[in-house]
Amino acid sequence: MPRTSDSDPEHAASVAVVGLGAIGGMLAADAADAGHRVTACVRTPFDKFVLDQDGTRRIVPVTVATDPDQVEPVDWLVVATKAQDTAASAPWLRALAGPDTVTVVAQNGIEQRSLVGSYLAGGPVLPALAAVSAERVAPGEVVVHRTGTLVVPDDPAGARLASLLTGDLVSVRPVADFHTAAWRKLLSNVVVNPITALTLRRAAVLTEPDIVELATALLTEAVRVGIAEGADLSYNEIPGIIDRYRTFPPSGGSSMLYDRLAGRPLEQEHLTGALVRAADRHGIDAPLNRAVLSLLRAVRSPTSVSG
């Protein structure tokens, strides 16, 4: 059940969340429920943060900030923007991150540390892999479909985060081999996101025979690169990944598909792009992923009619 900060004020931390989407909203609510002082850093102002879970709507106590000049360094900084929006969030990161701030980067990809490092004051950076089922339906309103998990490195910062987030919305799971966990998540991201975005179709497309063949080839390239990068991967994992696609709700989509439908920039540089850059580092040929990256870079909104 939610707890208030005055239940244990001596242990309340200051937490700032940049980007109050599905992931940021759940993390902000969990931190507030655990009794911490939470600031939501957003572009679009709203009067109150509403969380809808199991048909119950409640107001989550957060402070809303819309200007980096309004904030000061915090104990914990959660970066929950899309990876492609990191540079635009730089004024927030510079204002919120002091030398002792722990910055949690809850973004897709394998380059979380390098994406934010130049904007910070030298505190620890904790990459995090979020698995949540929620959606932002309006500014300041998030619907939770089920509780989530945040996978982090099994290090002192990860252990501290597990102690910080003690609400009921997000469980923190430290893992010894975070590098492999990040690559394993990337495997699906370089298939599901590009294919749905490029075809403008939902998860049902992933079960079609020719798409299964393409997905298998994309994954084979990705596993080879991941192994070269030191991830504990195996080609034997690929059939299981393909099988999981058949369990997806046919009407389900991906974050990249939703971004394309909304006319927003895509995060291909931090998914397929990260894979291709890693392949280049090792002199590995990844022609199919490279072709997909070229197509994604050329994508425009489906409503665009210009040449």
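Residues numbered from 1 in each chain as written. Predicted model: local features only at pLDDT ≥ 70, side-chain atom pairs only at ≥ 80, totals over all residues. Heavy atoms only, no water.

Undergrad: It is not clear to me how the pairing of strand β7 (residues 97-106) should be interpreted in this structure. Could you clarify?
TA: Judged by how many residues are buried, β7 sits mostly within the fold: 8 of 10 residues are covered. Pairing between strand β6 (residues 74-79) and β7: 5 bridges, direction parallel. Bridge pairing in β7 places Val74 opposite Ala97. Following the chain from β6 across helix α2 (residues 90-96) to the adjacent parallel β7, one finds a crossover that is right-handed. (Buried < 20%, exposed > 50% of the residue type's maximum accessible area, 1.4 Å probe, protein only. Helix = DSSP H or I, 4+ residues; strand = E, 2+ residues; numbered from the N terminus. Pairing = 2+ DSSP bridges. Right-handed = clockwise from strand over helix to strand, strands pointing away.)

Undergrad: What's the story with the pattern of salt bridges in this structure? I'm lost.
TA: Side chains carrying opposite charge are able to pair once their charged atoms draw close together. Scanning all chains against the criterion turns up 12 salt bridges. With a closest N to O distance of 2.7 Å, Arg277 and Glu111 form a salt bridge. Of the two residues, Arg277 sits in helix α9 (residues 272-281) while Glu111 sits in the loop between β7 and α3 (112-117), which places them 166 residues apart along the sequence. Residue Arg290 is joined to Asp280 by a salt bridge in which the shortest nitrogen-to-oxygen separation is 2.7 Å. Of the two residues, Arg290 sits in helix α10 (residues 287-297) while Asp280 sits in helix α9, which places them 10 residues apart along the sequence. Look at Arg290 and you get partly exposed, because its relative accessible area is 33%. According to the relative accessible area criterion, Asp280 is partly exposed, its value standing at 45%. Taken together, the salt bridges that share partners define one network made up of Glu111, Glu269, Arg277 and Arg297. (Salt bridge = Lys/Arg side-chain N within 4 Å of Asp/Glu carboxyl O.)

Undergrad: Help me understand the packing of aromatic side chains, please; the structure alone is not making it clear to me.
TA: Remark: the centre distance and the inter-plane angle together describe each pair of aromatic rings, the angle taken between the planes. Scanning all chains against the criterion turns up 1 aromatic pair. Their ring planes at 55° and their centres at 5.6 Å tell us that Tyr245 and Phe248 sit as a pair that is tilted. (Phe/Tyr/Trp six-rings, centres within 6.5 Å; stacked < 30°, edge-to-face > 60°.)

Undergrad: In this structure, what is going on with the side chain of Thr272? I would like to understand it.
TA: Mapped onto the secondary structure, Thr272 falls in helix α9. On the accessibility criterion, Thr272 (0% relative accessible area) is buried. Apart from the residues within four sequence positions on either side, Thr272 is in contact with Val190, Pro194, Asn289, Val292, Leu293 and Leu296. (Contact = heavy atoms within 4.5 Å.)

Undergrad: Help me out: how do you make sense of the layout of surface pockets in this one?
TA: To locate leftover empty space, one rolls a probe as large as a water molecule over the atoms. When its volume is computed, the second largest pocket comes out at roughly 170 Å³. As for the second largest pocket, its lining consists of Ile110, Glu111, Gln112, Arg113, Ser114, Pro127, Phe178, His179, Ala182, Trp183, Glu229 and Arg281. Contributing elements (two or more residues each) for the lining of the second largest pocket: α3 and α5 (178-199). In terms of residue count, α5 provides more of the lining of the second largest pocket than any other element does, 4 residues in total. Tallied by class, residues from the lining of the second largest pocket come to 5 nonpolar, 3 polar and 4 charged. (1 Å grid on protein atoms, 1.4 Å probe; cavity = no way out; pocket = protein on both sides within 12 Å on 5 of 7 lines; lining within 4 Å. Points joined across faces, edges and corners; volume = space filled by probe spheres on them. Nonpolar A, V, L, I, M, F, W, Y, C, P; charged D, E, K, R; others polar.)

Undergrad: So what exactly am I meant to see when it comes to the nonpolar core here?
TA: Note on soluble globular proteins: their nonpolar side chains tend to be buried together. Judged by nonpolar contacts, the single largest core of 40 residues is most densely connected at Phe49 and Leu161. Among the elements that make up this core, the one with the highest residue count is helix α1 (residues 22-33) (7 residues). Residues in contact with Leu161, not counting those within four places in the same chain, are Trp76, Val104, Leu126, Leu150, Val152 and Val172. In this structure, Leu206, Leu219, Leu266 and Val292 belong to the second largest nonpolar core, which totals 35 residues. (Core = buried A, V, L, I, M, F, W, Y, C linked by side-chain atoms within 4.5 Å.)

Undergrad: Help me out: how do you make sense of empty space enclosed by the protein in this one?
TA: Applying the stated criterion across every chain yields a total of 1 cavity of 30 Å³ or more. Estimated volume of the largest cavity: approximately 60 Å³. Taken together, Val15, Val17, Leu27, Ala31, Trp76, Val78, Val104, Leu150, Leu161, Leu164 and Leu165 make up the full set of residues lining the largest cavity. For the lining of the largest cavity, the secondary structure elements donating two or more residues are β1 (14-18), α1, β6 and α4 (156-164). Residue composition of the lining of the largest cavity, by class: 11 nonpolar, no polar and no charged.

Undergrad: Teacher, can you tell me more about the confidence of the model for the protein chain here?
TA: Close reading of the predicted structure is inappropriate where its pLDDT is low. Looking at the protein chain, the pLDDT average stands at 92 and 94% of residues meet or exceed 70. With pLDDT under 50 throughout, residues 1-7 is counted as low confidence; its partners more than four residues away or in other chains account for 11 contacts. (pLDDT = per-residue confidence, 0-100.)

Undergrad: So what exactly am I meant to see when it comes to the pairing of strand β2 (residues 37-41) here?
TA: Taking burial as the measure, the 5 residues of β2 include 4 buried ones, the bulk of the element. Across 5 bridges, the pairing between β1 and β2 is parallel. Residue Val18 lies in a different strand from β2, and its bridge partner there is Cys41. Of the crossover connections in this fold, the one passing from β1 over α1 to the parallel β2 is right-handed.

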